[in-house]
Every structure is written in structure tokens, then in C-alpha cells.
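Working through the structure, step by step
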Amino acid sequence: MSKLYIMRKIIVVGSGVIGLSCALLLASEGYKVQVITRNPEEATSWTAGGMLAPFSEGLEGELFDFSYQSLKEYPNFIRHLMDVSKRRVDFWQEGIYRVVLKGEEELLKVAERYKSASYGVELLQKGEELSKDVISLIHYTEEAWVDAEMLMDALLFAMNRLGVDYVVDEITSVRKREEEIEGVKGIKSEYRGNFYVFALGSWTKELFDLPVYPIKGQALKLKGASLPRVHYSSISYLIPRERYLYVGATSEDVGFMGGNTLEGLKLLSEGAIRVAPALSKATLMNTLYGYRPATPDEKPIFQIGENYFIATGHYRNGILHAPITARVVKDYLKGQRTPFIDLFSPERFS
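Residues numbered from 1 in each chain as written. Predicted model: local features only at pLDDT ≥ 70, side-chain atom pairs only at ≥ 80, totals over all residues. Heavy atoms only, no water.

Going residue by residue along strand S13 (residues 195–198), you find Phe195 and Val197 tucked away on one face and Tyr196 and Phe198 tucked away on the opposite face as well. As defined by bridge partners, strand S1 (residues 9–13) adjoins S13 across four bridges and the pair is classed as parallel. Across the sheet, Val13 pairs through a bridge with Phe198, a residue of S13. (Buried < 20%, exposed > 50% of the residue type's maximum accessible area, 1.4 Å probe, protein only. Helix = DSSP H or I, 4+ residues; strand = E, 2+ residues; numbered from the N terminus. Pairing = 2+ DSSP bridges.)

In C-alpha cells form, the structure reads like this:
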């Protein structure tokens, strides 16, 4: 590990929230960072809902621990990002409402388990704006949400202000000798650094033989609709932002099939209206879609080599996991190997 202390140039391949967050922390530490991306607009992070919701997701075990730690790091992460980028990022810390529909009483038992472990949980009666299918609300008071578009925009501004070399090129191959990478080759040029961070998301298999595959998600933006906070349900999640209401999201194992479909928009619309009937009068502002990087057990993958770190497979929680993933990478470069590297090693699939 001694070599890690003297590294100067770091190449980050990928410009989603994981890649840019790694670049942010590493550049802030004084490393010379180069980000290489084939399409800055391709990252699914731009279309994400932005929920920071380990409780509403019902996470357990090491995935919960990882997610909860990242949730707790978010306020400082956002403050640092806004200070560096000089851009505003809307970040709400009022907690999230987990909607309990008829037939989902098991969710109340999950909430009791979290509450018995001393996490912030309140059981509430539903509001008048919700349908008769909603039997109650679980208020997970520690959860939060962030405007993912503003987050990504601020990360790009931070790259510029930190002097990060931002290159648009498609990396087509990795030149490797045993466990050491000697360079990466793109369509335009070849690039060399002292250390490489690969945050390729759903496109990981294009360069590495890791079990990561895309799960498509479609979403809507609505005008003329508002809610006091996130309403997360099994059939839709309704996320208030400053100018619109975000409605998500489908979960489709269809590879990289592009575009929004009528079937997907129908599911989103019906799910939103079933939770909050007044949304039937809302105006459609925009439609979105992206690809979540899934793994067989829905947990991230961290793979390390002599001079590289692959961080991928964050699935539904890429926005949530950005601060802690960036810290794990930064700590590794500084000679500190956190337990999550081994817990999320791809060797678990062997």
C-alpha cells in the first residue's frame, strides 16, 4: 500500500454521481484528477429521484449500515459541494413518509423493528389528500431527499472550479498487466495515470467482467401538484421539488431499450393517482428514463487492484451512496482500507 501515498494523477472513468463525487473528494485533497466520460448527459444520476431512504427501502445488514452511514454524511457532503461549486443544491431533511397500502401491514412490523433499534420512526394517520387505499403513514424522520439535477449540476461546476481535467471520450479498452493498469484507450486518445477509478454504472460490463446489468426506470415530472414531503409507496414515489413533483419509477429488465413507453407512463400515472387522487388533475411536464446498475444481490461491487478501484452496482441507491463511496475510495488512496471493500467484493459471487 505504500505506493498509494505518492500517487499524483488520478483518472476517473465515468461521470455519474459516483464518479463525480469521487473526483470531488480527491481533487479537494489536492490530487490531480482527470474525468473521462463518453457522454456527460448519459449518466442515470440526472434522472434519479434523489431519495435518501434506507428505511423506506427496508434495507438490512451491511447494505443498511453502508446506506445509513452515507445518509449521515450527506449534510457535510452537500455543504462542501456548495462551498466548492458556488451553486445551490436543494436538500430536504424533513424525513420521508412511507405509505402503507391495504394488504401491506407487514411494513408496520418493519417500522417497529427500526424503532426498537432507536431510529427515528413515527406512525401517522393519513392525510385527506391520500386515497382510501392508504391505511397509514410511517414517518422515517432521519431520511432526506436531494434534487438530483441540481446535485449533478453542482458537481460539474465543482470540477471546473477545482481544475479537474474533464474529457469527453469513450474508453474502449483497459491495458492491464496482471493487477496493474498501464493505461486506458479511448476513441480519441490513450490516457495514463498513477491510479484509476472506474465508476461505469450500468455500462460496467463493457470493460470488466462483473455481474452488473441495467434495470430501466421511467419517471414523470408534474406541474400543478404539490405534497409536503416525499410519499414513498410500493406503487409509486412522489417527490416534491421546487418547481414540480417527480413521480417514479418503473423497474424493467429490458436491457438498454431506450425511450418512455405508454405502458410505463400508464403504470406511473395510475400509481400516483392511487396514492393521491388529486394528482389526476396535474399537468405532465416531462418524461424521463435511465438505467440502474443492478447486481444479483442488489448490493454494490468494489473491486481493487494494484492501482485501480472499481465502484459500481449501486442499483437503486446511487445518489444515496455517493458520499460514502467517494470517502471509501479517498481513504483507500490514503492507505485506509474500510471493511466495506471486502464486504462488497465481487468474490462473493464466486
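This part covers the sheet that holds strand S12 (residues 190–191). With respect to topology, three strands assemble into an open sheet ordered S10-S11-S12, the strand pairing being antiparallel. Edge strands, defined here as strands with exactly one partner in the open sheet, are strand S10 (171–177) and S12. Bridging between S10 and strand S11 (residues 180–186) involves six bridges; their strand directions are antiparallel. The residue bridging Ile171 from the neighbouring strand is Gly186, located in S11.

Turning our eyes to something else, we now look at the environment of Ile36. Tracing the backbone shows Ile36 in strand S2 (residues 32–37). The class of Ile36 is buried, set by a relative accessible area of 1%. Taking the C-alpha atoms as reference, Ile36 lies 32 Å from Glu57; in sequence the two are 21 residues apart. Not counting the four nearest positions on each side in its chain, Ile36 is found in contact with Ile11, Val12, Val13, Gly14, Val167, Asp169, Ile171, Val184 and Tyr191. (Contact = heavy atoms within 4.5 Å.)

In total, this model carries 29 aromatic pairs according to the counting rule given. Where Phe309 meets Tyr332, the ring centres are 5.8 Å apart and the plane angle is 70 degrees; that geometry is what we call edge-to-face. Here Phe309 is found in strand S20 (residues 308–312), whereas its partner Tyr332 is found in helix H6 (residues 318–333), with 23 residues between them in sequence. We note that Phe309, like Tyr332, is buried. Members of the aromatic cluster, joined through ring pairs, are Phe66, Phe195, Phe302, Phe309, Tyr332, Phe340 and Phe344. In this arrangement the basic side chain of Arg87 is found over the ring face of Phe157, its NZ or CZ atom lying 4.1 Å from the centre. (Phe/Tyr/Trp six-rings, centres within 6.5 Å; stacked < 30°, edge-to-face > 60°. Lys NZ or Arg CZ within 6 Å of the ring centre and 35° of its normal.)

This part takes up the sheet that holds strand S4 (residues 91–92). Taken together, three strands build an open sheet; the order of strands is S3-S8-S4 and the sheet is antiparallel. Strand pairing shows two members of the sheet lacking a second neighbour, strand S3 (51–52) and S4, which therefore form its edges.

The next subject is the side chain of Ser15. Relative to the helices and strands, Ser15 resides in the loop between S1 and helix H1 (17–28). The class for Ser15 is buried, based on a relative accessible area of 4%. At 2.8 Å, the side chain of Ser15 and the side chain of Thr37 are in polar contact. Residues within four places of Ser15 in sequence aside, it is in contact with Leu20, Val35, Thr37, Asn39, Pro40, Ala43, Met152 and Tyr166. (Polar contact = N/O pair within 3.5 Å; in protein donor to acceptor, adjacent residues only side chain to side chain.)

Residues at a pLDDT of 70 or more form 98% of the chain, whose mean pLDDT is 96. Confidence drops under pLDDT 50 across residues 1–5; counting only partners more than four residues distant or on other chains, this segment forms twelve contacts. (pLDDT = per-residue confidence, 0-100.)

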